[in-house]
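For reference, the chains in residue letters:
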Amino acid sequence: MKTQQQETTAIEKVGYGVLYLILAVIAFFQIYPLIWLVIFSLKTNAEVFNASPFALPADPKWENYATVWTQGNISLYFFNSVWITLVAVALTIILASLVTFAITRMIWKLSKLVLGLFMVGLMIPVHSTLIPLFDFFLNINLIDNPLAIVLTYTAFNLPITIMILLGFYQTLPREVEEAAVIDGSSIHRIFFQITLPMTMPVISTTAIINMIYNWNEFVFINTFISSDKYKTLTVGIQNFIGQYSTDWGAIGATLVISILPILITFLFLSNKIVEGIAAGAVKG
Amino acid sequence: MKKVLSNKFIIAMYVLPALLLILILVYIPIILTGYYGLMRWDGIGEMDFIGLKNYQVLIGDSDFWESTWHSILLAIFSALSLIGYLAISLVLAAKIKGANLLRKIYLIPMLLSSVAIAQLWLKIYHPTNGLLNSVLVRMGVDNPPAWLAEPSLVLGAIFVPIIWQYAGFYILIYYAALKNIPDSTIEAAKIDGATPLQISYLIKVPLIANVIKVTIVLAVVGSLKYFDLIFVMTGGGPNGASEVIASYMYKQAFASYNFGYGSAVGFALLLITLLATVLMQRLTKSEEVQY
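Remember, it's a predicted structure, so these values are computed and weren't measured experimentally. (Residues numbered from 1 in each chain as written. Chains lettered and ligands numbered in written order. Predicted model: local features only at pLDDT ≥ 70, side-chain atom pairs only at ≥ 80, totals over all residues.)

**Focus on the overall build of chain B**
We apply this condition: We count a stretch as a helix when DSSP gives it H or I for four or more residues in a row; a strand needs E for two or more, and each element gets its number in order from the N terminus. Computation of the radius of gyration draws on C-alpha atoms, with the globule rule given as 2.2 Å multiplied by the number of residues to the power 0.38. As a rule, residues whose C-beta atom has 12 or fewer other C-beta atoms within 10 Å are exposed, those with 20 or more are buried, and those in between are partly exposed; C-beta atoms are placed from the backbone.
Across its full length, chain B carries 14 helices and two strands. On C-alpha atoms alone, chain B measures out to a radius of gyration of 24 Å, which is more than a quarter above the 19 Å that the 2.2 N^0.38 rule sets for 291 residues. Taken along the three principal axes of its C-alpha coordinates, chain B extends 80 × 75 × 30 Å. Here chain B holds 291 residues, and the buried ones make up 43% of them.

Here's what the structure looks like:
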């Protein structure tokens with residue numbers, strides 16, 4: 001009896017060992033391409049073409065980063081990515097909060113219909129809107145204007161943002177707001193001074209996923225923006241790599257610069273990001 | 001109180017900005033894409049109404065159907081890969097130390113832009129200096145293929161970074177669902193003598209069936225709309241071997257200046273994704289499972 005028990009625990013240990021090994025191998029596959037990217041971003045072309053791809057750079061060429069940052073317009077694209085992302089996120093969250101407040105706190109007949117309109121928006125494939133949107137911005141002279149990008153990002157992120165906010169608003173107790181109404185506070189005061197501060201946790205979740213979507217967006221900016229001065233990193237690196245397609249170090253450095261802000265954010269806010277991605281799972 | 005909360009002016013002020021934005025930038029364009037499909041139009045000049053001509057051409061357009069077939073293949077692959085993600089999640093959720101850290105590591109590629117992922121994998125697949133072929137040569141393979149230049153290999157080669165990108169996302173969703181199963185249910189099964197494998201397949205998987213259905217819809221519908229990664233990695237080539245519906249639409253409009261025909265393809269994309277959504281929801285519809 002005793003030996004049998006020992007046997008099963010031994011088998012269990014081996015089994016767990018195998019499972020850990022599989023999980024570790026998967027983790028390796030998820031991470032190694034990025035490590036390899038950092039390694040080749042620090043190499044010269046001679047090293048890339050002649051030495052083993054696994055070898056560490058003999059003399060890390062940090063100047064690859066300095067070169068693309070100053071000469072490759074990457075600093076400009078980076079700055080554009082930052083401000084377009086931030087403005088669109090702020091606009092999305094304020095508009096979505098206003099709508100969610102009106103739908104969950106105020107009394108009007110069409111609220112269900114309006115909510116439905118926003119929720120159906122989750123299913124719309126963005127590419128199907130591309131040609132009419134391009135034509136529309138062309139006609140109102142907003143093609144090659146960052147405003148077109150900010151408004152488009154906002155419009156397409158409203159449904160998912162409202163959906164996430166709605167879940168939070170519905171669980172939030174209304175006593176404080178109701179008391180404020182009875183005390184004669186204006187609706188604006190209630191919204192800005194009571195509701196918005198109370199919804200900060202969910203606002204930060206939606207802000208993070210909106211940030212990731214906007215930072216990584218490609219097809220709208222690629223279609224609506226043609227001037228270099230308005231391009232963001234996704235399109236910028238695409239152009240840059242088109243020009244320097246044989247300089248591995250420069251390409252690697254550009255890619256690392258473009259993904260670093262998201263990775264650093266993940267390092268500090270991984271729980272929030274995990275929560276946001278799970279909540280935003282339904283976005284198309 | 002009711003009077004204050006039903007102030008029409010304030011409601012309009014709160015709702016209209018967002019509502020107008022989504023109507024003008026999402027709903028009107030989606031209707032217009034079907035309408036523009038009725039035009040002959042180069043994107044700049046006058047539109048020429050030609051009735052259903054574009055849609056008739058579309059039905060007989062073998063390039064369109066081939067790209068649709070590629071999109072469907074991606075959807076099938078994506079749905080099948082869910083089985084692997086589910087298996088990994090079952091292991092992760094079964095009292096594994098460090099599970100939380102592991103699922104975060106798995107998620108990292110999901111945070112990157114498709115453009116960055118595509119550029120990185122272009123380097124991995126590079127015929128002579130890429131990571132993959134370097135490994136193959138060291139393992140003794142004489143002439144490893146140029147993965148993205150072979151019509152028979154390109155779709156499979158593109159699917160690998162797609163798995164790399166989305167694995168962590170689905171594992172995250174399954175893991176969260178599995179962690180929601182009450183311990184008492186599992187304990188009861190253990191007392192009844194169920195093996196860990198039986199617990200996984202007979203108890204845990206049925207209990208998260210609803211989440212699995214949602215992920216099937218997500219994977220299928222998401223794949224049908226796939227664009228960025230393919231556009232950057234191959235542009236649909238070689239010779240259309242990796243063309244998908246969205247990239248075909250883009251090419252028709254913004255490379256060939258057939259904006260009318262491109263709109264018709266865009267409208268077909270809308271119909272196909274809506275059809276797939278309804279179909280997948282029907283196929284996966286069943287009774288709620290109670291804990």
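**Points about the overall build of chain A**
A count of helical and extended segments in chain A gives 13 helices and zero strands. Walking chain A from its N terminus toward its C terminus, one meets helices and strands in the order α-α-α-α-α-α-α-α-α-α-α-α-α. Here chain A has a C-alpha radius of gyration of 25 Å; the compact-globule value for 284 residues is 19 Å, and the former is much larger. Along the first, second and third principal axes, the C-alpha atoms of chain A reach 75 × 75 × 35 Å.

**Concerning the interface of chain A and chain B**
Just so we agree on the cut-off: Two residues qualify as a contact pair if the distance between their C-beta atoms, derived from the backbone, is within 7 Å. Side-chain classes are defined by residue name, with Ala, Val, Leu, Ile, Met, Phe, Trp, Tyr, Cys and Pro counting as nonpolar, Asp, Glu, Lys and Arg as charged, and the others, Gly among them, as polar.
The interface is formed by 68 residues belonging to chain A together with 73 residues belonging to chain B. Here the side of chain A that touches chain B takes ten residues from helix H13 (residues 248-279) of chain A, the largest share from any one element. Grouping the amino acids of the side of chain A that touches chain B by side-chain chemistry returns 52 nonpolar, 14 polar and two charged.

**Focus on the domain arrangement of chain A**
Put simply, the rule is: For each domain, the first and last residues come from an automatic or database assignment.
Here chain A is described as being made up of domain 1 (2-41) and domain 2 (72-279). Between the C-alpha centres of domain 1 of chain A and domain 2 of chain A the distance comes to 38 Å.

**Observations regarding the packing of H13(A) against helix H6 (residues 114-124) of chain B**
Short version of the rule: Only the stretch in contact is used when fitting a helix axis, every axis being a line fitted to C-alpha atoms; angles between N-to-C directions are given from 0 to 180 degrees. Each angle gets one of four labels, with under 35 degrees taken as roughly parallel, over 145 as roughly antiparallel, 65 to 115 as roughly perpendicular, and the rest as oblique. Definitions for this section: a left-handed crossing has its near helix turned counterclockwise from the far helix by less than a right angle. A right-handed crossing has that turn clockwise.
The interhelical angle for the contact between H13(A) and H6(B), taken along N-to-C directions, is 150 degrees, at an axis separation of 10 Å. On the basis of their axis angle, the class for H13(A) and H6(B) is roughly antiparallel. For H13(A) against H6(B), the interelement crossing comes out left-handed. Facing H13(A), whose interface residues are Ile251(A), Leu255(A), Ser258(A) and Ile259(A), H6(B) presents Ala116(B), Gln119(B) and Leu120(B). Partitioned by chemical class, the residues of the contact of H13(A) with H6(B) number five nonpolar, two polar and no charged.

**A closer look at the nonpolar core**
Defined as follows: As used here, a nonpolar core is made of buried Ala, Val, Leu, Ile, Met, Phe, Trp, Tyr and Cys residues. They are joined through C-beta atoms within 7 Å.
Counting 158 residues, the largest nonpolar core has Val99(A), Ile149(A), Ile171(B), Tyr174(B), Leu229(B) and Val265(B) as the members making the most contacts within it. Ranked by the residues each element gives to this core, the list is headed by helix H8 (residues 154-179) of chain B, at 16 residues. Of the residues that make up this core, three or more belong to each of domain 1 (2-41) and domain 2 (72-279) of chain A. Once residues lying within four places of it in the same chain are set aside, the contact partners of Val265(B) are Leu58(B), Phe64(B), Ile245(B), Tyr248(B), Met249(B) and Gln252(B).

**Section: unusual backbone geometry**
At the junction of Gly237(B) and Pro238(B), the peptide bond is cis and its omega measures out at -5 degrees in the coordinates. Structurally, Pro238(B) is set in the loop between helix H12 (228-233) and helix H13 (245-255).

**Thoughts on the environment of Phe159(B)**
All names here are of chain B. The topology assignment puts Phe159 in helix H8. For Phe159, a count of 17 C-beta atoms within 10 Å corresponds to the partly exposed category. It is 9.9 Å that separates the C-alpha atoms of Phe159 and Leu229, two residues lying 70 residues apart in sequence. Among residues more than four places away in sequence, those in contact with Phe159 are Leu74 and Phe77.

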